[in-house]
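Tertiary structure, described
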Amino acid sequence: MDQKERIQLKNFYESQLLNDTIPFWFPRSLDKEYGGYLLMRDQDGSLLDDDKAVWIQGRTAWLLATLYNTVEPREKWLEAAKSGIDFLSNYCFDTDGRMFFHMTRDGRPLRKRRYFFSETFAVIAFAAYAKASGDEQAAARARELFTQCIRYAEGEAPLTPKFTGTRPAKGIGVPMIMINTAQQLRETIGDPRCDAYIAKWIKEIEQYFVKDEIRCVMEQVAPDGSIIDHIDGRTLNPGHAIEGAWFILHEARYRNNDPQLIGLGCRMLDYMWERGWDQEEGGILYFRDVYHKPVQEYWQDMKFWWPQNEAIIATLLAHLVTGNEKYALWHRQVHDYAYRHFHDKENGEWFGYLHRNGSIAQRAKGNLFKGPFHLPRQEWYCARVLGGYIKTH
């Protein structure tokens, strides 16, 4: 990838972010009556449902504050970020300190989950907003929530009781999301605990989930790291592991291009590209089986939007830190596939769900799980990282 292509890509991602993706969501998604965001939207942006997913309220507040911090200090972005922070603060915490998952528009709880991902997204939202606004209370809240997330991750604080059965397992999702949460906290308001915890969680991923002997990254394993030879234990999520790969490559850059972390991140990307890239139709497949057996979930061969976003970031980052043209080729492949099939050129933003052959499975742009996060984060991050590799003289 030469200098000209890097400049063109940077300009493309910036233009898509600011002239296509963000305008689809804002200002129409601001809830001026109750605060927060109305994000469940049809192809043309019309509202499908006025419920609010707590994950995406936090993610959206993070995005808006991050745009203010790193792209341009537009007052409307800061005000919109505050709307999400206020909604989270006023409505989304239960009496036990845990966060809800699914709310009505006016802030009444509908569902609460057994995991703590709502809290991790609240950490990055409060931290980014604190940096943007100088709000010390928001900064303190981010650090307090991070402390609580560490306790949940370490098993020191109880989550909602659940039946674990006689086949215990550990998932890659917790160390992955905690790495990214700590990275965002460190890059916004700072926290002296982050470096050591990030190293700990990376070691956990390498020790338990990366299987070099079969060129694979497991989604879940037994407590000792062995493969659970049952359907759930064998099921891989290539896009998720590829997302973890770029978190580790990001950390490698932070640590002066640490060669061990570059090697680990690139191995993870290599293994899951081999297993996840659809050689016949293009795009990252949703689920695979570690032993190439049938996968239980019926959507296993669909193309979801977010694995493509994560693969676009990971392949670009791998190329930039290694100079290996293989990753530049993979980046072009997934970039071209995704913007050709997912992007809605008429209304902006991306469709979320395609059939394996690339046809649109359903036209919604926002629901309980999809909102302004994976796509705008990809466009923002890629433009930002490319800027660091473009020669200015």
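What comes next is a walk through the structure.

What follows concerns helix 7 (residues 194–208). Its 15 residues give helix 7 an end-to-end C-alpha distance of 21 Å, which sits within 8% of 21 Å, the value for a rise of 1.5 Å per residue. Among the residues making up helix 7, those that are buried are Cys 194, Ile 198, Trp 201, Ile 202, Glu 204, Ile 205 and Tyr 208. What you see down the axis of helix 7 is that its buried residues fit within an arc of 155 degrees, all on one side. The exposed set on the far side of helix 7, more than 90 degrees from its buried face, consists of Ala 196 and Lys 203.

Let us look at the environment of Thr 322. Relative to the assigned elements, Thr 322 resides in helix 11 (residues 305–322). Take Thr 322: its relative accessible area is 36%, and that puts it in the partly exposed class. Residues Thr 322 and Phe 12 lie 310 residues apart in sequence; the distance between their C-alpha atoms is 23 Å. Apart from the residues within four sequence positions on either side, Thr 322 is in contact with Ile 262, Cys 266 and Tyr 327. From its side chain, Thr 322 meets the backbone oxygen of Ala 318 in a polar contact 2.6 Å long.

Within the secondary structure, Glu 219 is located in the loop between strand 8 (216–217) and strand 9 (220–221). Comment: no salt bridge for buried Glu 219; closest opposite-charge side chain is Arg 275, at 12 Å. Within the structure, the side chain of Glu 219 is placed 2.6 Å from the side chain of His 240, a separation counted as a polar contact. When sequence neighbours within four positions are dropped, the list of residues in contact with Glu 219 reads Lys 170, Gly 171, Ile 172, Phe 209, Thr 235, Leu 236, Asn 237 and His 240.

At their nearest, the axes of helix 3 (residues 75–91) and helix 4 (residues 117–133) sit 10 Å apart, and the two run at 135 degrees to each other. Between helix 3 and helix 4, the angle is such that the two are oblique. At the point where helix 3 passes helix 4, the crossing takes the left-handed sense. Contact with helix 3, carried on its side by Leu 78, Ala 81, Lys 82, Ile 85, Leu 88 and Ser 89, involves Ala 125, Phe 126, Tyr 129, Ala 132 and Ser 133 of helix 4 and no other residues of that element. Of the residues in the contact of helix 3 with helix 4, the class split is eight nonpolar, two polar and one charged.

Their axes nearest at 11 Å, the elements helix 10 (residues 259–276) and helix 11 cross at an angle of 135 degrees. Compared by their axis directions, helix 10 and helix 11 come out oblique. The hand of the helix 10/helix 11 crossing is left-handed. For the pair helix 10 and helix 11, the contacting residues are Ile 262, Cys 266, Leu 269 and Trp 273 in the first and Ala 311, Ala 314, Thr 315, Ala 318, Val 321 and Thr 322 in the second. Taken together, the residues of the contact of helix 10 with helix 11 break down into eight nonpolar, two polar and no charged.

Calculation criteria
- Residues numbered from 1 in each chain as written.
- Predicted model: local features only at pLDDT ≥ 70, side-chain atom pairs only at ≥ 80, totals over all residues.
- Heavy atoms only, no water.
- Helix = DSSP H or I, 4+ residues; strand = E, 2+ residues; numbered from the N terminus.
- Expected span 1.5 Å × (residues − 1).
- Buried < 20%, exposed > 50% of the residue type's maximum accessible area, 1.4 Å probe, protein only.
- Arc of directions from axis to C-beta.
- Contact = heavy atoms within 4.5 Å.
- Polar contact = N/O pair within 3.5 Å; in protein donor to acceptor, adjacent residues only side chain to side chain.
- Lys, Arg positive; Asp, Glu negative; His and termini not counted.
- Salt bridge = Lys/Arg side-chain N within 4 Å of Asp/Glu carboxyl O.
- Axes fitted to C-alpha atoms, helices over the stretch in contact; angles between N-to-C directions.
- Parallel < 35°, antiparallel > 145°, perpendicular 65-115°, else oblique.
- Left-handed = near helix turned anticlockwise from the far one by under 90°.
- Nonpolar A, V, L, I, M, F, W, Y, C, P; charged D, E, K, R; others polar.

Don't take any of this as a statement about function, it's just geometry.
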